[in-house]
There are 2 protein chains.
Amino acid sequence: MEHELKEFIKKCDKAIKQEDFDTLKNYYTDDAILVVKPDMIARGKEEIKQAFIKITKYFNNSLVPAQGEMIILKAGDTALVISQTLLEADKNETEYSMDRRSTYVFKKNSQGEWLCAIDNSYGTDLINM
Amino acid sequence: MEHELKEFIKKCDKAIKQEDFDTLKNYYTDDAILVVKPDMIARGKEEIKQAFIKITKYFNNSLVPAQGEMIILKAGDTALVISQTLLEADKNETEYSMDRRSTYVFKKNSQGEWLCAIDNSYGTDLINM
């Protein structure tokens, strides 16, 4: 299971790197949310796709996300993943860290596939932002 | 909705303070997990009840949890709550902080009630523990 979710997250990161946002958006549930910035949330596959297009453009189409240490807390068909997320790009973000402690919530659908329901790369730092 | 989840978390904290663990355990899903310590996880209502009995005993039956600033990220019937959790007791915990940034995952059941599925008061600090 742990391996399954790690592989899934790798696929998401690969889709971002390759800017394959049609594949990426289908890794999210229909009502998924993505915390784009502390005060900006994208809701649903289409808004999430559009947000990723803007995010990668902002980073000069050079964004490569990778995960470092990862902790998977699984309860039935729901999982909270706490991950060290490293963002690499040829443009350095100054306002927000490129080395984050993310919180992702995944849900297993009726076909037994994990999908992302809540994507918050700011983790608990959101409280202080 | 936000109000609903905040009220629910207040009820959980009240049950802990009153050591009413039979009420408390029913605020969790059947397959819920509680991160007792970074390397110790309680699974299911009964283990969670037993864990809380031990935790309150450890704190000389004086444990009072309270939430400070709280951010609620809701995606359909799933919610990630990021919360400043303040633990008060007449015995001070030295190994782990009493002022935490918690991550809680809640799920709405078919009766429309929120239940806790993943209870991790250590938040993203788990990565470094």
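- If you look chain A up in an unreviewed UniProt entry, it shows as DUF4440 domain-containing protein from Peribacillus loiseleuriae.

**Things to note about the sheet that holds strand 4 (residues 78-88) of chain A**
Residue and element names in this part refer to chain A.
Right, so step 1: In space, the 6 strands of this open sheet follow the order 2-1-6-5-4-3, with mixed pairing throughout. With partners counted over all chains shown, the strands left at the sheet margins are strand 2 (40-43) and strand 3 (64-75), one partner each. Pairs of neighbouring strands in the sheet enclose a mean axial angle of 25 degrees, with direction left out of account.
Right, so step 2: Both strand 1 (residues 28-37) and strand 2 contribute to a ladder of 4 bridges, which runs antiparallel. The residue bridging Ile33 from the neighbouring strand is Arg43, located in strand 2.
Right, so step 3: Of the strands in this sheet, strand 3, strand 4, strand 5 (99-108) and strand 6 (114-120) are in contact with helix 1 (residues 2-17), which crosses strand 3 at around 150 degrees.
Right, so step 4: The sheet contacts of helix 3 (residues 44-58) involve strand 1, strand 2 and strand 6, and relative to strand 1 the element is tilted by about 35 degrees.

**Section: the interface of chain B and chain A**
Right, so step 1: The interface is formed by 32 residues belonging to chain B together with 32 residues belonging to chain A.
Right, so step 2: Between chain B and chain A lies a buried interface of about 2400 Å² when both sides are counted; carbon and sulfur atoms form 72% of it.
Right, so step 3: By the criterion of area lost to chain A, the three top residues of chain B are Leu73, Thr124 and Ile127 of chain B, representing 26% of everything that side buries.
Right, so step 4: Here Lys107 of chain A and Asp77 of chain B are joined by a salt bridge, their closest N and O atoms 2.8 Å apart.
Right, so step 5: Viewed at the interface, chain A and chain B are joined by 5 residue pairs in polar contact (both at pLDDT 80 or more).
Right, so step 6: Where the side of chain B that touches chain A is concerned, the elements lending two or more residues are strand 1 (28-37), strand 2 (40-43), strand 3 (64-75), strand 4 (78-88), strand 5 (99-108) and strand 6 (114-120) of chain B.
Right, so step 7: Broken down by element, the residue count for the side of chain B that touches chain A peaks at 6 residues, all from strand 4 of chain B.
Right, so step 8: Across the side of chain B that touches chain A, the residue classes tally to 15 nonpolar, 10 polar and 7 charged.

**What to know about the pattern of salt bridges**
Right, so step 1: For the structure shown, the criterion picks out 16 salt bridges over all chains.
Right, so step 2: Notably, a salt bridge pairs Asp30 of chain A with Lys45 of chain A, separated by 3.8 Å at the nearest N-O pair. Here Lys45 of chain A lies in helix 3 and Asp30 of chain A lies in strand 1, a separation of 15 residues in the sequence.
Right, so step 3: With a closest N to O distance of 3.8 Å, Lys25 of chain B and Asp22 of chain B form a salt bridge. Within this pair, Lys25 of chain B and its partner Asp22 of chain B are both found in helix 2 (residues 21-25), separated by 3 residues, close to a single helical turn.
Right, so step 4: For Asp22 of chain B, a relative accessible area of 41% gives the class partly exposed.
Right, so step 5: One salt-bridge network, held together by shared partners, links Asp22, Lys25, Glu46 and Lys49 of chain A.

**With respect to helix 1 (residues 2-17) of chain B**
Residues and elements named next belong to chain B.
Right, so step 1: Relative to the 22 Å expected for 16 residues at 1.5 Å per residue, helix 1 spans 23 Å between its end C-alpha atoms, a close match to the ideal helical length.
Right, so step 2: Within the span of helix 1, buried status applies to Leu5, Phe8, Ile9, Cys12, Asp13, Ala15 and Ile16. All buried residues of helix 1 project into a common sector of 160 degrees when viewed along the axis, lining one side. What points out from helix 1, more than 90 degrees from its buried face, is the exposed set His3, Lys10, Lys14 and Lys17.
Right, so step 3: Structurally, helix 1 contributes buried residues whose contacts are with helix 2, helix 3 (44-58), strand 3, strand 4, strand 5 and strand 6.
Right, so step 4: Positioned one or two residues after helix 1, Glu19 has a phi angle of 55 degrees, which is positive.

**Considerations on the relation of the copies chain B and chain A**
Right, so step 1: Overlay of chain B on chain A (RMSD 0.0 Å): rotation 180 degrees, translation along the axis 0.0 Å. The symmetry that links the two subunits is that of a two-fold axis. Judged by C-alpha distance, Thr124 of chain B is the residue of chain B that lies nearest the rotation axis, at 3.4 Å.
Right, so step 2: When the interface residues of chain B are mapped onto chain A, 100% of them are again interface residues, pointing to one common binding face.

Rules used in this analysis
Residues numbered from 1 in each chain as written. Chains lettered and ligands numbered in written order. Predicted model: local features only at pLDDT ≥ 70, side-chain atom pairs only at ≥ 80, totals over all residues. Heavy atoms only, no water. Pairing = 2+ DSSP bridges. Helix = DSSP H or I, 4+ residues; strand = E, 2+ residues; numbered from the N terminus. Axes fitted to C-alpha atoms, helices over the stretch in contact; angles between N-to-C directions. Contact = heavy atoms within 4.5 Å. Buried area = accessible area lost by both parts, 1.4 Å probe. Salt bridge = Lys/Arg side-chain N within 4 Å of Asp/Glu carboxyl O. Polar contact = N/O pair within 3.5 Å; in protein donor to acceptor, adjacent residues only side chain to side chain. Nonpolar A, V, L, I, M, F, W, Y, C, P; charged D, E, K, R; others polar. Buried < 20%, exposed > 50% of the residue type's maximum accessible area, 1.4 Å probe, protein only. Expected span 1.5 Å × (residues − 1). Arc of directions from axis to C-beta. Least-squares fit on C-alpha atoms with pLDDT ≥ 70 in both.

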